[in-house]
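Below, each chain spelled out in residue letters.
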Amino acid sequence: MSSVKTDFLSQELNQFAQTDVRGRVDLMGMGNNVISAVINSEVAEDVYSGDAVEILATSKGLPEVKPLTSSGNVFGFVRYNAKRVKLGAGDRVELAIDGAVMVMAASATINAGAEVAYDYATGLIKTAASSDKVIGIAIDAISADSTGRVMIKAFDRKAIS
C-alpha cells in the first residue's frame, strides 16, 4: 500500500497519544522560518498541509503562492493547520521556509542525514537522486509510508531534470 498525502491528516485533537501529522513544524528556535502567505485566487486544485508552493512573479505585499509543479522552484511548504486541512484559492496560509524543520510523509525508506526530494504528483518525499532537486535533509530515519522530520533547504536552485 502506498502513501497518500491526506492519510496523515486525520486524528482527534482530544486523543491522548496523537500521531505526527504531515506539515507540522518542529524544533522552532529563535528564527522559526515561518511566514504568512495567500493562495492565488486563480488556483483550482486543493492545497494540503505539507504541500510545496512557489511564489508568483507578480506577488506584492503578502506573498502570493500557488501549488508547485515540476517546473517551479520551492518557496516553502504549507504548515499544518488543525482547523482547516484542505485549503484553496484566496486562503491565507503559513509557510515553513528555508531552515525550518517540518514533518513530511515519505514514499520509501530514508536514512537520517540523507538529502531528500519532493514528488510533485503525490506530495511525498524520497531520497534524492543525482538528477532530483534537493528540498531538504532528513533529521529522522523515516520508514516507507510514514512521516519524519526534514530540515527544509528549499533555496537550492539546482535545475530539475
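A brief structural summary. (Residues numbered from 1 in each chain as written. Predicted model: local features only at pLDDT ≥ 70, side-chain atom pairs only at ≥ 80, totals over all residues. Heavy atoms only, no water.)

### Structural notes on the sheet that holds strand β8 (residues 92-96)
What counts here: Two strands are said to pair when DSSP picks up at least two bridges between them. The helix count covers DSSP runs of H or I at least four residues long, the strand count covers runs of E at least two residues long, and both are numbered beginning at the N terminus. Fitting a line to C-alpha atoms yields each axis, with helices limited to the stretch in contact; the angle taken between N-to-C directions then spans 0 to 180 degrees.
With mixed pairing, five strands are arranged side by side around a closed barrel as β2-β5-β4-β6-β8. The mean angle between the axes of side-by-side strands here comes to 55 degrees, regardless of whether they run parallel or antiparallel. Of the strand pairs in this sheet, strand β2 (residues 34-39) and β8 are connected by five bridges, and their pairing is antiparallel. In the strand pairing of β8, A37 is matched with V93.

### Things to note about unusual backbone geometry
Phi is mostly negative for residues that are not glycine, and the peptide bonds are mostly trans. Stated precisely, the cut-off is as follows: Only protein chains enter the calculation, and the probe is 1.4 Å; a residue is then buried if its accessible area is under 20% of its type maximum, exposed if over 50%, and partly exposed in between.
Phi is positive for D145, which is not a glycine, with a value near 60 degrees. Relative to the elements of secondary structure, D145 occurs in the loop between β12 (134-138) and β13 (147-152). Overall, D145 belongs to the partly exposed group, its relative accessible area being 33%.

### So, the nonpolar core
For clarity, the threshold we go by: Among buried residues, the Ala, Val, Leu, Ile, Met, Phe, Trp, Tyr and Cys ones that are joined through side-chain atoms within 4.5 Å form a nonpolar core.
Core analysis: the largest hydrophobic core is formed by 22 residues, its most contacted members being F77, M104, I110, I125, I135 and I152. Put simply, the parts of the chain that give this core at least two residues each are β9 (101-105), β10 (115-118), β12 and β13. One finds A37, I39, V43 and L95 within the second-largest nonpolar core, a separate group that totals 12 residues.

### Side note on the environment of A138
For A138, the location among the structural elements is in strand β12. The sequence separation of A138 and V116 amounts to 22 residues, and the corresponding C-alpha distance is 6.7 Å.

### Observations regarding the side chain of D132
Its place among the elements puts D132 in the loop between β11 (125-127) and β12. The class of D132 is buried, set by a relative accessible area of 17%.

### Section: the pairing of β9
With five of five residues buried, β9 is to be regarded as a mostly interior element. Where burial is concerned, the two faces of β9 agree: the one with V101, V103 and A105 and the one with M102 and M104 are both buried. In this structure, strand β1 (residues 25-26) lies alongside β9, joined through two bridges in antiparallel fashion. Within β9, the residue paired with D26 across the bridge is V101. Sheet topology places β9 next to β13; five bridges connect them, and they run antiparallel. Considered in β13, the bridge of V103 is made with R149.

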